[in-house]
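In case you want the letters, here they are:
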Amino acid sequence: MIVKPIGVISSPFKNRGTAPIQPFQSKAIGKVTVHKKYQKGLTDIDGFSHIILLYQFHKSKGYDLLVRPYLDDKLKGLFATRAPRRPNQIGMSVVELIGRKDNVLTVKGIDALDKSPLLDIKPFVPHFSARKKVKIGWLKGKLPNK
Ligand SMILES: C[S@@+](CC[C@H](N)C(=O)[O-])C[C@H]1O[C@@H](n2cnc3c(N)ncnc32)[C@H](O)[C@@H]1O
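Below is a summary of the structure that appears in this document. Fair warning: this is a prediction, and the values are worked out from it, not measured in the lab. (Residues numbered from 1 in each chain as written. Predicted model: local features only at pLDDT ≥ 70, side-chain atom pairs only at ≥ 80, totals over all residues. Heavy atoms only, no water.)

**Observations concerning the overall build of the protein chain**
We apply this condition: Helix numbers and strand numbers start at the N terminus; a helix is a DSSP run of H or I with at least 4 residues, a strand a run of E with at least 2. Based on C-alpha atoms, the radius of gyration is set beside the globule rule, defined as 2.2 Å times the residue count to the power 0.38.
The helix and strand tally for the protein chain stands at 1 helix and 8 strands. Start at the N end of the protein chain and walk to the C end: the helices and strands fall as β-β-β-β-β-β-β-β-α. In terms of overall size, the protein chain behaves like a compact globule, its C-alpha atoms giving a radius of gyration of 16 Å where 146 residues would be expected to give roughly 15 Å. If one aligns the C-alpha atoms of the protein chain with their principal axes, the spans along those axes are about 45 × 35 × 30 Å.

Structure below.
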């Protein structure tokens, strides 16, 4: 499988220590530059307040199948976490879309590092993604109430 970036994310976070852990903790503004040849694919994106960014954790190397996540001191299965060191290095962030000029989107709530290769963009639609009865596993009691 060959995955080619469709653009690049610009963010104020240059290295891992400085980036927020998840978008809901971030008010940071970022830019998402889509390669010109894909610009037509952004038609109609402006009507969405939030978009899903899929990108490569390009500064990650290797992975462990058990990891100690930031919200717990016990080891957890990698796929039960959002740890950036993963076999396929794919990150996913829901961010607020605050503007678009041609092929450049301005977004709020970025947690990706600067120059993260952009793999895909999808509109965030609660009807498709939100569920009523949800269990959050080992994260129960560790996150602020919604
Ligand atoms: C816990 S991950 C969550 C990322 C995304 N919201 C997700 O759930 O897939 C967030 C951390 O990933 C790291 N990170 C973000 N972009 C990265 C990149 N391009 N390469 C390596 N690490 C990255 C930063 O340290 C950031 O604090």
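**Observations regarding the site of the ligand**
Selection criterion: One heavy atom suffices: a residue is near a molecule or strand as soon as one of its heavy atoms comes within 4 Å of it. In protein, a polar contact requires one atom able to donate a hydrogen and another able to accept it; more generally it is a pair of N or O atoms within 3.5 Å, and residues adjacent in sequence count only if both atoms are side-chain atoms. The protein chains shown are the only cover counted for residues, whose accessible areas, like all others here, come from Shrake-Rupley with a 1.4 Å probe. Basically, the charged four are Asp, Glu, Lys and Arg, the nonpolar ten are Ala, Val, Leu, Ile, Met, Phe, Trp, Tyr, Cys and Pro, and anything else, Gly included, counts as polar.
Lining the immediate environment of the ligand, one finds 21 residues, of which Pro20, His58, Arg82, Asp111 and Ser116 sit closest. Contact distances for the ligand include 3.0 Å between a nitrogen atom and a side-chain N or O atom of glutamine 22. Interatomic distance of 3.4 Å between a backbone N/O atom of glutamine 56 and a nitrogen atom of the ligand. Here the ligand loses 95% of its free accessible area of 590 Å² to cover by the protein chains. Per-element tally for the shell around the ligand: the top contributor is strand E6 (residues 90–101), with 3 residues. Residues belonging to the shell around the ligand are distributed by class as follows: 10 nonpolar, 7 polar and 4 charged.

**Regarding the environment of asparagine 103**
We apply this condition: Per-residue accessibility, obtained with a 1.4 Å probe over protein chains only, is compared with the maximum for each type, and a residue is labelled buried under 20%, exposed over 50%, and partly exposed between these values. The contact criterion used throughout is that any non-hydrogen atoms of two residues lie within 4.5 Å.
The residue asparagine 103 is located in the loop between E6 and strand E7 (104–108) in this model. Assessed through its relative accessible area of 10%, asparagine 103 is described here as buried. In this structure, the C-alpha to C-alpha distance between asparagine 103 and histidine 35, residues 68 residues apart in sequence, is 7.0 Å. In this structure asparagine 103 touches Val32, Thr33, Val34, Lys36, Gln39 and Leu42, once residues within four positions along its chain are discounted. One polar contact links the side chain of asparagine 103 to the main-chain carbonyl oxygen of valine 34, over a distance of 2.8 Å.

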